[in-house]
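The lines below spell out each chain.
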Amino acid sequence: MTSAFEKKITLHMVSSLDGFIARKDNSVSWMESPGSIYEAGVSISEEEIASFLKTIDCYVLGSRTYEHSLELGWPYGDAPVVVITGRKLSSTKKNIEFYSGDLKSLVDLKLAPRYRNIWLVGGAMLCQRFLELGLVDEIRLTIAPVLLGDGLRLFGPLTEKRWNLKNVVPHKNGFVELVYSAATA
Ligand SMILES: NC(=O)c1ccc[n+]([C@@H]2O[C@H](COP(=O)([O-])OP(=O)(O)OC[C@H]3O[C@@H](n4cnc5c(N)ncnc54)[C@H](OP(=O)(O)O)[C@@H]3O)[C@@H](O)[C@H]2O)c1
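J.: In this structure, what is going on with the overall build of the protein? I would like to understand it.
T.: In terms of regular secondary structure, the protein is built from four helices and 10 strands. For the protein, the sequential pattern of α-helices and β-strands runs β-β-α-β-α-β-β-α-β-α-β-β-β-β. The C-alpha radius of gyration computed for the protein amounts to 16 Å, which stays within 12% of the reference 16 Å derived for 185 residues, consistent with globular compactness. In terms of principal-axis extent, the alpha carbons of the protein reach across some 45 × 40 × 35 Å. Out of the 185 residues belonging to the protein, those deemed buried represent 22%. For the protein, restricting intrachain contacts to residue pairs at least 6 apart in sequence, the fraction spanning at least 24 positions comes to 73%.

Shown next as structure tokens:
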């Protein structure tokens, strides 16, 4: 258990160069590594990925991302997952809970008292809502080396807001990770 003051909400998404997170038909196979080698990039081992993922205390998903994740192969293991939906969904998995209602109350009353490192992992609709409400502390965007031309846009109309660049990590496979924190002023 950690105090409410310590929580951090990270919006994490993989985007195409032209800002799409899924093709029009919802497919995301373009996220698979093309294997191209960018010599100056880093490569991260499976063990490093696994130990990094252990630092994430909770995932928050929109219901469409949840349903798509079930189809593609559940990537969140036994980590706590909160699915946002207005429907009566259920799961036999004990680590999955469903939430319907005000998102600020979700963060303040349900997430912050229990979790520190909270990852909001999509989709576009839910991420935009979190951004509009000022509930995102960090944006971690992984840019894939592909132009899709069409599909589901990560960002829609938003109120202008400045973000501070915190880290840039180029990967050997041509993907680039950009990390921004919310500017306070
Ligand atoms: N490239 C990436 O990194 C990435 C990451 C995640 C997802 N994706 C892709 O994105 C697509 C899904 O994104 P999406 O934007 O269509 O949908 P989404 O954000 O995953 O889910 C939208 C649903 O979430 C629920 N919801 C959202 N805001 C709510 C609120 N304020 N209160 C209550 N419920 C709320 C509603 O569920 P109900 O309709 O059930 O009420 C809504 O229909 C999929 O194709 C997925 O594969 C890509």
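J.: I would appreciate a short explanation of the site of the ligand in the present structure.
T.: Gly62, Thr65, Gly86, Gly122 and Gly123 are the nearest of the 25 residues found near the ligand. For the shell around the ligand, the secondary-structure elements that each account for two or more residues are strand 1 (8-16), strand 2 (20-22), helix 2 (63-72) and helix 4 (124-132). When its residues are assigned to classes, the shell around the ligand shows 12 nonpolar, 10 polar and three charged.

J.: Please explain the sheet that holds strand 1 as it appears in this structure.
T.: Strand-to-strand pairing in sheets goes through backbone hydrogen bonds, with the strands running parallel or antiparallel. Here eight strands make up an open sheet; going across it, the order is 5-4-3-6-1-7-10-9 and the pairing mixed. Each having just a single partner strand, strand 5 (96-99) and strand 9 (163-170) make up the two edges of the open sheet. Each strand axis lies, on average, 20 degrees off the axis of its neighbour in the sheet, ignoring direction. Summarising the sheet, strand 4 (residues 81-84) and strand 5 pair through four bridges and their orientation is parallel. Residue pairing across strands places Val82 opposite Glu97, the latter belonging to strand 5. Lying over the sheet, helix 2 contacts strand 3 (58-62) and strand 4, oriented at roughly 105 degrees with respect to strand 3.

J.: Just to check I follow, could you spell out the nonpolar core for this structure?
T.: One recurring pattern in soluble globular proteins: nonpolar side chains tend to sit buried together. Within the largest apolar cluster, 30 residues are counted, with the highest numbers of intra-cluster contacts made by Val60, Ile118 and Leu120. Put simply, the parts of the chain that give this core at least two residues each are strand 1, strand 2, strand 3, strand 4, helix 3 (103-111), strand 6 (117-120) and helix 4. Beyond its immediate chain neighbours, meaning those up to four positions away, Leu120 contacts Ile9, Thr10, Leu11, Val60, Cys127, Phe130 and Val136.

J.: What am I meant to see in unusual backbone geometry here?
T.: Peptide bonds are mostly trans, and most non-glycine residues show a negative phi. Here the bond from Gly122 into Gly123 is cis, since omega is 0 degrees, no more than 30 degrees from zero. You can see Gly123 is positioned in the loop between strand 6 and helix 4. Here Asn26, not a glycine, exhibits a phi torsion of approximately 80 degrees, which is positive. Looking at the secondary structure, you find Asn26 in the loop between strand 2 and helix 1 (46-53).

J.: Please clarify how the pairing of strand 4 should be interpreted in this entry.
T.: Each regular strand displays side chains that alternate between the two surfaces of the sheet. Alternating positions in strand 4 separate into two faces, Val81 and Val83 on one and Val82 and Ile84 on the other, with burial throughout. Looking at chain direction, strand 3 and strand 4 are connected through four bridges and run parallel. Across the sheet, residue Tyr59 finds its bridge partner in strand 4, namely Val81. Crossover strand 3 to strand 4 through helix 2 is right-handed.

J.: Would you take a moment to explain the environment of Glu46 for this structure?
T.: Note that Glu46 resides in helix 1. For the pair Glu46 and Tyr76, spaced 30 residues apart in the sequence, the C-alpha separation amounts to 15 Å.

J.: I tried to follow the environment of Gly62 on my own but got confused; where do I start?
T.: Counting through the fold element by element, Gly62 comes out in strand 3. C-alpha separation for the pair Gly62 and Val82, spaced 20 residues apart in sequence, amounts to 8.6 Å. If sequence neighbours within four positions are ignored, Gly62 has contacts with Ile84, Gly122, Gly123, Met125 and Leu126.

Reading the values: rules and limits
Residues numbered from 1 in each chain as written. Predicted model: local features only at pLDDT ≥ 70, side-chain atom pairs only at ≥ 80, totals over all residues. Helix = DSSP H or I, 4+ residues; strand = E, 2+ residues; numbered from the N terminus. Rg over C-alpha atoms; globule rule 2.2 N^0.38 Å. Buried ≥ 20, exposed ≤ 12 C-beta atoms within 10 Å, placed from the backbone. Contact = placed C-beta atoms within 7 Å. Near = placed C-beta within 6 Å. Nonpolar A, V, L, I, M, F, W, Y, C, P; charged D, E, K, R; others polar. Pairing = 2+ DSSP bridges. Axes fitted to C-alpha atoms, helices over the stretch in contact; angles between N-to-C directions. Core = buried A, V, L, I, M, F, W, Y, C linked by C-beta atoms within 7 Å. Right-handed = clockwise from strand over helix to strand, strands pointing away.

In short, geometric facts, not functional conclusions.
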